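Okay, here's what each chain looks like letter by letter:
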Amino acid sequence: AVAAKMAALGGGGARWRRAWLPALQLLRRGSKAVTRHWKAMHFQRQKLLAVTEYLPPRPAVPPRCLPRPAAKGHEEDGYARVLRRQVEETLRSSRMVAVCQYNSMPDEDVVTLRHYLRKHNIHVKFVLNEVVRPVLAQSKYRNLLPLFVCRNILLVSPEARAREMLRVLKGVPQVNLLGACIDDTILSRQGVENFAQLPSLEVSQGQTVAALSLLSSQTSSLLQRGPAHLTALLDEHIRRLRDTEGTTEPPPG
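On a predicted model such as this, the values are computed, not experimentally measured, just so you know.

### Structural notes on the overall build of the protein
Across its full length, the protein carries 8 helices and 5 strands. For the protein, the N- to C-terminal ordering of α and β elements is α-α-α-β-α-β-α-β-α-β-β-α-α. Put simply, the protein has 253 residues, and 21% of those count as buried. The contacts in the protein between residues at least 6 apart in sequence include a share of 77% that link residues at least 24 apart. Only carbon and sulfur atoms are counted for the fraction: they give 58% of the accessible area of the protein, which is about 20900 Å².

In structure tokens:
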């Protein structure tokens with residue numbers, strides 16, 4: 001009976017042992033052994049490396065004193081050449097060239113600014129510094145180069161319209177006048193304002209003619225004063241002689 005019971009338990013235990021797995025399994029994995037560790041260099045070796053380090057010889061002439069290498073010639077862009085030619089033609093046909101600093105503004109305001117300036121025959125030109133600077137360097141406007149350091153626009157006109165330009169720019173704070181060249185004369189902002197206060201060319205010519213005619217008339221009167229005074233004295237002397245001759249004449253018969 002005991003043997004039968006153990007046989008029965010043994011058969012059931014085998015089935016239970018086949019379905020059960022241990023909760024913890026120990027697996028051994030292969031790992032590399034660290035055989036090299038960082039070790040500080042010996043002090044004697046450090047001194048030896050420092051002594052034997054290669055030091056290149058110093059040049060006899062500092063590099064900053066040597067002439068700069070010539071820039072390699074590159075083919076000029078055709079579009080930049082066209083823009084440069086347009087700037088040259090604009091400067092050649094303009095008596096007034098004003099340089100202004102341009103700050104961002106809505107497109108509607110730009111159109112309005114162009115409209116009011118075009119009424120006075122003043123045109124707005126948006127130019128690039130890399131295009132306009134080479135043109136100015138080879139022209140009579142080379143003194144305007146320091147003004148082209150940011151985003152700029154040109155206000156050009158075949159006439160000297162400084163007063164009208166300042167009146168329009170007064171209501172546009174996004175456009176600041178930096179300087180101008182009027183009739184081949186470089187002017188600052190204050191110089192442009194002083195030029196705008198001058199009278200027109202016709203009035204100036206009239207004032208000049210009046211001043212010159214006044215001087216000539218004064219000179220003529222000064223030159224004629226002496227002879228006229230002498231003539232008056234001679235006439236008075238002759239009259240007195242006639243009066244004395246009439247009183248000394250003997251009575252008739």
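There's more to say after this.
### Notes on the pairing of strand 3 (residues 152–157)
Counting buried positions along strand 3 gives 6 out of 6 residues, so the element sits mostly inside the fold. On strand 3, burial covers both faces: Asn152, Leu154 and Val156 on one face and Ile153, Leu155 and Ser157 on the other are all buried. Pairing between strand 1 (residues 96–102) and strand 3: 6 bridges, direction antiparallel. Bridged to cysteine 100 within strand 3 is isoleucine 153.

### A look at the sheet that holds strand 4 (residues 175–182)
Strand order across the open sheet formed by 5 strands is 2-3-1-4-5, with antiparallel pairing between neighbours. The open sheet has two edge strands with one neighbour each: strand 2 (123–126) and strand 5 (185–188). Neighbouring strand axes in the sheet, compared pairwise and without regard to direction, differ in orientation by 25° on average. Both strand 1 and strand 4 contribute to a ladder of 7 bridges, which runs antiparallel. Along strand 4, the bridge assignment pairs cysteine 100 with leucine 177. Across the face of the sheet, helix 6 (residues 162–169) comes into contact with strand 1, strand 3 and strand 4 while running at roughly 175° to strand 4. Against the sheet, helix 7 (residues 189–196) touches strand 4 and strand 5, its axis set at about 105° to strand 5.

### Considering the pattern of salt bridges
All told, the structure shown has 8 salt bridges when counted by the stated rule. Residues arginine 161 and glutamate 164 are paired through a salt bridge, measuring 3.8 Å at the closest nitrogen-oxygen approach. According to the relative accessible area criterion, arginine 161 is partly exposed, its value standing at 26%. Classification of glutamate 164 by relative accessible area gives buried; the value is 17%.

### Comments concerning the nonpolar core
The biggest cluster of nonpolar side chains holds 25 residues, and the ones touching the most others in it are Leu155, Met165, Leu169, Val175, Leu177 and Val192. At the level of elements, strand 1, helix 4 (107–119), strand 3, helix 6, strand 4 and helix 7 are the ones that each hand at least two residues to this core. Take this core: its biggest share by element is 5 residues, from helix 6. Among all residues touching methionine 165, those that are not within four sequence positions of it are Met96, Ala98, Ile122, Leu155, Leu177 and Val192. Counting residues in each nonpolar core, the second largest holds 17 residues, with Val87, Leu91, Leu145 and Phe148 among its members.

### So, helix 6
Three or four residues apart is the spacing at which side chains of an α-helix point the same way, because the helix has 3.6 residues per turn. Most of helix 6 is tucked away: 6 of the 8 residues are buried. Buried within helix 6 are the following residues: Ala162, Glu164, Met165, Leu166, Val168 and Leu169. Elements in contact with the buried residues of helix 6: strand 1, helix 4, strand 3, strand 4 and helix 7.

### Regarding the packing of aromatic side chains
Under the definition given, this model contains 1 aromatic pair. Centre to centre, the rings of tyrosine 102 and phenylalanine 126 are 5.2 Å apart; their planes meet at 90°, and the pair counts as edge-to-face. Note that tyrosine 102 is positioned in strand 1 and phenylalanine 126 in strand 2, a separation of 24 residues in sequence. By relative accessible area, phenylalanine 126 is classed as partly exposed at 37%.

### A look at the packing of helix 3 (residues 78–92) against helix 5 (residues 129–137)
Look at helix 3 against helix 5: their axes get within 9 Å of each other, and the N-to-C directions meet at 50°. With respect to helix 5, the element helix 3 is oriented oblique. The chirality of how helix 3 crosses helix 5 is right-handed. Contacts between helix 3 and helix 5 pair Ala80, Leu83, Arg84, Val87, Glu88 and Leu91 from the former with Glu130, Val131, Val132, Pro134, Val135 and Leu136 from the latter. Residues of the contact of helix 3 with helix 5, tallied by class, amount to 9 nonpolar, no polar and 3 charged.

Each value, and the rule that gives it
- Residues numbered from 1 in each chain as written.
- Predicted model: local features only at pLDDT ≥ 70, side-chain atom pairs only at ≥ 80, totals over all residues.
- Heavy atoms only, no water.
- Helix = DSSP H or I, 4+ residues; strand = E, 2+ residues; numbered from the N terminus.
- Buried < 20%, exposed > 50% of the residue type's maximum accessible area, 1.4 Å probe, protein only.
- Contact = heavy atoms within 4.5 Å.
- Areas by Shrake-Rupley, 256 points an atom, 1.4 Å probe, with all protein chains shown as cover.
- Pairing = 2+ DSSP bridges.
- Axes fitted to C-alpha atoms, helices over the stretch in contact; angles between N-to-C directions.
- Salt bridge = Lys/Arg side-chain N within 4 Å of Asp/Glu carboxyl O.
- Core = buried A, V, L, I, M, F, W, Y, C linked by side-chain atoms within 4.5 Å.
- Phe/Tyr/Trp six-rings, centres within 6.5 Å; stacked < 30°, edge-to-face > 60°.
- Parallel < 35°, antiparallel > 145°, perpendicular 65-115°, else oblique.
- Left-handed = near helix turned anticlockwise from the far one by under 90°.
- Nonpolar A, V, L, I, M, F, W, Y, C, P; charged D, E, K, R; others polar.

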